[in-house]
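The primary structure of each chain is shown beneath.
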Amino acid sequence: MYTRSVNIILIPLIFIVLISGFPNCKTDYFRMIRISKRSWLIGEIAFLFLMSFAMMIVLLIGTILPILDIANFSNEWSGFMTGLRDGFPQVYLHNIRFTLDASVIIHFVPISAIVYSFLIMWLNLMIYGLLILLGTVTSKRITFLASTLSLAFIGGCSTFFGGGVKWLFPIAHTQLGMHCNSIFSKTNFPVFMSYIYLAAAVAVIIVLCGQIIKKTNFVGENQ
């Protein structure tokens, strides 16, 4: 699912649509005053954390269930796929939409690929959700929502082109195969740096939300 550029665009867009009503400050306004802004913010971040995790679990289960009766669960790639790539490379490349990126098969094993894809897309969803939350606490919700949608779409489109600019977009990091060159075994972008880059982005947005909400005044608040 995470080796196709179309998929990595659709997944964040679906997630953004699912949480388009988040956070609902009109109903949380009174609670925000009573429990303190800090507690309210922690609750909203926890919701994002669980919502994005739940979506990733649903995608994982939805990917596995249809193939349970024909799948061979091991930490090795399918013999059919590797044989097709080695014996009939042109056929393999011609049907790339049905197969894995060759660089994924060469440089990674299934378990590490699954773990990486899961965690990186999870961090991506957290970034998009936190940007929407940041838009709410800065009273620029529509602007940040439009920017988040644009970030997902443009970032996904950037994976169709070469160059290093695409690594500026969080979504580009979800494609594990792009980190390595399948021909020369060259590293295009270190895998561990993707974790650091996205985790740092999540931390920065959370800190920004915390700092901004401290300066936001609510009528009737006494904390």
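As shown above, the structure is provided for reference.
Predicted model, so just to flag it, every value in this text is computed and none were measured.

Draft legend 1. Spatial organisation of the overall build of the chain. When its secondary structure is counted, the chain shows nine helices and zero strands. What you see in the chain, going N to C, is helices and strands ordered as α-α-α-α-α-α-α-α-α. The 223 residues of the chain split such that 39% are buried. Considering only contacts within the chain whose residues lie at least 6 apart along the sequence, 71% involve residues at least 24 apart. Of the roughly 12600 Å² of accessible surface on the chain, a fraction of 70% belongs to carbon and sulfur atoms.

Draft legend 2. Representation of the layout of surface pockets within the structure. Looking at the largest pocket, its volume works out to about 1300 Å³. Contributing to the lining of the largest pocket are 36 residues, with Thr63, Ile67, Trp77, Leu100 and Ile114 lying nearest its centre. Those elements giving two or more residues to the lining of the largest pocket turn out to be helix H3 (37-64), helix H4 (79-87) and helix H7 (110-137). Ranked by residues supplied to the lining of the largest pocket, first place goes to H7 with seven residues. The calculated volume of the second largest pocket comes to roughly 610 Å³. Arg4, Asp101, Ser103, Gly177 and Met178 are the residues nearest the centre of the second largest pocket, which is lined by 27 residues in total. Of all the secondary structure elements, the ones that give two or more residues to the lining of the second largest pocket are helix H1 (5-18), helix H5 (89-94) and helix H6 (102-107). Tallied by class, residues from the lining of the second largest pocket come to 13 nonpolar, 10 polar and four charged.

Draft legend 3. Region of interest: the side chain of Ser117. Tracing the backbone shows Ser117 in helix H7. Reaching out from Ser117, the side chain makes a polar contact with the backbone oxygen of Ala113 at a distance of 2.8 Å. For Ser117, the contacting residues outside a window of four places in its chain are Tyr2 and Met56.

Draft legend 4. Just the packing of aromatic side chains, in detail. Summed over the entire model, instances satisfying the criterion amount to six aromatic pairs. Centre to centre, the rings of Phe53 and Trp122 are 4.9 Å apart; their planes meet at 55 degrees, and the pair counts as tilted. Placement of Phe53 in helix H3 and of Trp122 in helix H7 is noted, with a sequence separation of 69 residues between them. Using a relative accessible area of 14% as the deciding quantity, one classes Trp122 as buried.

Draft legend 5. Inspection of the nonpolar core at higher detail. Of all hydrophobic cores here, the largest spans 43 residues; its most connected members are Met56, Leu130 and Leu133. Those elements that place two or more of their residues in this core are H1, H3, H7, helix H8 (141-158) and helix H9 (191-214). Broken down by element, the residue count for this core peaks at 16 residues, all from H7. Those residues in contact with Leu130, other than ones at most four positions away along the chain, are Ile45, Leu48, Val202, Ile205, Ile206 and Cys209. Of all hydrophobic cores here, the second largest spans six residues; its members include Met81, Leu84, Tyr92 and Leu100.

Draft legend 6. Structural context of the packing of H1 against H7. At their nearest, the axes of H1 and H7 sit 10 Å apart, and the two run at 40 degrees to each other. In this view, H1 runs oblique relative to H7, as classed from their interaxial angle. Along this stretch, H1 crosses H7, giving a crossing that reads as right-handed. Residues Ile8, Ile11, Pro12, Phe15 and Ile16 of H1 lie in contact with H7, whose contacting residues are Met121, Leu125, Tyr128, Gly129 and Ile132. Among the residues making up the contact of H1 with H7, the classes are represented as nine nonpolar, one polar and no charged.

Analysis parameters
- Residues numbered from 1 in each chain as written.
- Predicted model: local features only at pLDDT ≥ 70, side-chain atom pairs only at ≥ 80, totals over all residues.
- Heavy atoms only, no water.
- Helix = DSSP H or I, 4+ residues; strand = E, 2+ residues; numbered from the N terminus.
- Buried < 20%, exposed > 50% of the residue type's maximum accessible area, 1.4 Å probe, protein only.
- Contact = heavy atoms within 4.5 Å.
- Areas by Shrake-Rupley, 256 points an atom, 1.4 Å probe, with all protein chains shown as cover.
- 1 Å grid on protein atoms, 1.4 Å probe; cavity = no way out; pocket = protein on both sides within 12 Å on 5 of 7 lines; lining within 4 Å.
- Points joined across faces, edges and corners; volume = space filled by probe spheres on them.
- Nonpolar A, V, L, I, M, F, W, Y, C, P; charged D, E, K, R; others polar.
- Polar contact = N/O pair within 3.5 Å; in protein donor to acceptor, adjacent residues only side chain to side chain.
- Phe/Tyr/Trp six-rings, centres within 6.5 Å; stacked < 30°, edge-to-face > 60°.
- Core = buried A, V, L, I, M, F, W, Y, C linked by side-chain atoms within 4.5 Å.
- Axes fitted to C-alpha atoms, helices over the stretch in contact; angles between N-to-C directions.
- Parallel < 35°, antiparallel > 145°, perpendicular 65-115°, else oblique.
- Left-handed = near helix turned anticlockwise from the far one by under 90°.

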